[in-house]
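Analysis of the macromolecular model
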Amino acid sequence: MTAIEVVCQIAKRNRNIREIMFAAYYYVPQSLTDRGLLKLYRLKEPTAEKIERFVEFLGKKLKKGWTFGVTSRVKLKSGGIRHIPQIDFACLQSPHNFRRSLGCLRHFVKAKPGYLLKSGRSYHYYGLSLLTERQWQIFIGNCLLCNAVGKKSVVDARWFAYSMRRGFSNLRIVASDGKPEPMVITKV
């Protein structure tokens, strides 16, 4: 299952979503800002078919060097805001780090059902149940606790810092710049 199919699953499971937000971005490693490097697109009344068509359309529209992902922030039919739980892991793919990632999800994050995907060099996580703004803030804090002092990072702390500054997280859902399309490796 691809990351796009996971997003379709989230929309299908949470029929109260009125709008999903996607972000096109130009990634600059170690940048202190993403200002001017992030463009947001909203998809109203998301269904699997609409999501797939929108991703195809957006993919054709992007300039060289740009990629896109889905943001955590969704708008509900009631007008409220919720977040899709997302994690960008920092550890390299290996059997040991796969176990560390699952341990982080189970023990620190107390993750609800979702999917762990291989993203290229590392992993991504998507939860299937939506979080309130406060729950999302606690979720982000718990994720950062996965990084033990003096050990290699499990999660990408800089990604979480950007997410907190913006008020939403964002994960790549397509192949880009030599990185493969993220693919599910296990259900959590």
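Going by the structure above, here's the rest.
Residues numbered from 1 in each chain as written. Predicted model: local features only at pLDDT ≥ 70, side-chain atom pairs only at ≥ 80, totals over all residues. Heavy atoms only, no water.

Some details on the overall build of the protein
Worth spelling out the cut-off: Put simply, DSSP marks the helices as runs of H or I at least four residues long and the strands as runs of E at least two long, and each gets a number from the N terminus on. It is over C-alpha atoms that the radius of gyration is taken, and the globule rule equals 2.2 Å times the number of residues to the power 0.38. Exposure is judged per residue with a 1.4 Å probe applied to protein chains only, and the accessible area is read against the type maximum: over 50% gives exposed, under 20% gives buried, and values in between give partly exposed. All accessible areas in this document rest on Shrake-Rupley with a 1.4 Å probe, and a residue is counted as covered only by the protein chains that are shown. Just so you know, the count uses Lys and Arg for positive and Asp and Glu for negative, and it drops His and the chain ends. The location of each charge is read from NZ of Lys, CZ of Arg, CG of Asp or CD of Glu.
What the protein contains, in helices and strands, is five helices and nine strands. When the helices and strands of the protein are listed from N to C terminus, the series reads α-β-β-α-β-β-β-α-β-β-α-α-β-β. Since a compact globule built from 188 residues should have a radius of gyration of about 16 Å, the 15 Å found for the protein is in line with a globular shape. Counting only C-alpha atoms and orienting by the principal axes, one finds that the protein spans roughly 45 × 35 × 30 Å. Taken over 188 residues, the protein has a buried fraction of 45%. A total of about 9900 Å² of accessible surface is found on the protein, and carbon and sulfur atoms cover 54% of it. The distance from the centre of the 34 positive side-chain charges to the centre of the 12 negative ones in the protein is 6 Å.

Some words on the pattern of salt bridges
As a reminder of what qualifies: Basic side-chain nitrogens of Lys or Arg form a salt bridge, by our definition, when they fall within 4 Å of a carboxyl oxygen of Asp or Glu.
Tallied over the entire structure, the rule returns four salt bridges. For the salt bridge of Glu-19 with Arg-42, the shortest nitrogen-to-oxygen distance reads 3.2 Å. With Glu-19 in strand S1 (residues 17-26) and Arg-42 in strand S2 (residues 38-44), this pair connects stretches of sequence that are 23 residues apart. Overall, Arg-42 belongs to the partly exposed group, its relative accessible area being 48%. Note that Glu-19 is salt-bridged to Lys-44, the shortest N-O span being 3.1 Å. With a gap of 25 residues between them, Glu-19 in strand S1 and Lys-44 in strand S2 connect regions that are remote in the sequence. We classify Lys-44 as exposed; its relative accessible area is 51%. Each of Glu-19, Arg-42 and Lys-44 takes part in salt bridges that share partners, so that together they form one network.

Re the state of the cysteines
Where we set the bar: Cysteine sulfur pairs qualify as disulfides if the two atoms are within 2.5 Å.
Here the structure, examined in full by the defined rule, presents one disulfide. For Cys-104, the disulfide goes to Cys-146, at an S-S distance of 1.9 Å. Judged by the torsion about the S-S bond (80°), the Cys-104/Cys-146 disulfide is right-handed. Placement of Cys-104 in helix H3 (residues 95-108) and of Cys-146 in the loop between helix H4 (133-144) and helix H5 (157-166) is noted, with a sequence separation of 42 residues between them.

Structural notes on unusual backbone geometry
For Glu-45, which is not glycine, the phi dihedral falls at a positive 50°. The topology assignment puts Glu-45 in the loop between S2 and helix H2 (48-61). Judged by its relative accessible area of 38%, Glu-45 is partly exposed.

Digging into the environment of Glu-52
Checked against the element boundaries, Glu-52 lands in helix H2. The class for Glu-52 is partly exposed, based on a relative accessible area of 44%. When the C-alpha atoms of Glu-52 and Leu-92 are compared, they prove to be 29 Å apart, with 40 residues separating the residues in sequence.

Remarks on the side chain of Ser-163
What counts, and what does not: Residue contacts are counted whenever heavy atoms from the two residues lie within 4.5 Å of one another.
Relative to the elements of secondary structure, Ser-163 occurs in helix H5. In contact with Ser-163, not counting residues within four places along its chain, are Trp-136, Phe-168 and Ser-169.

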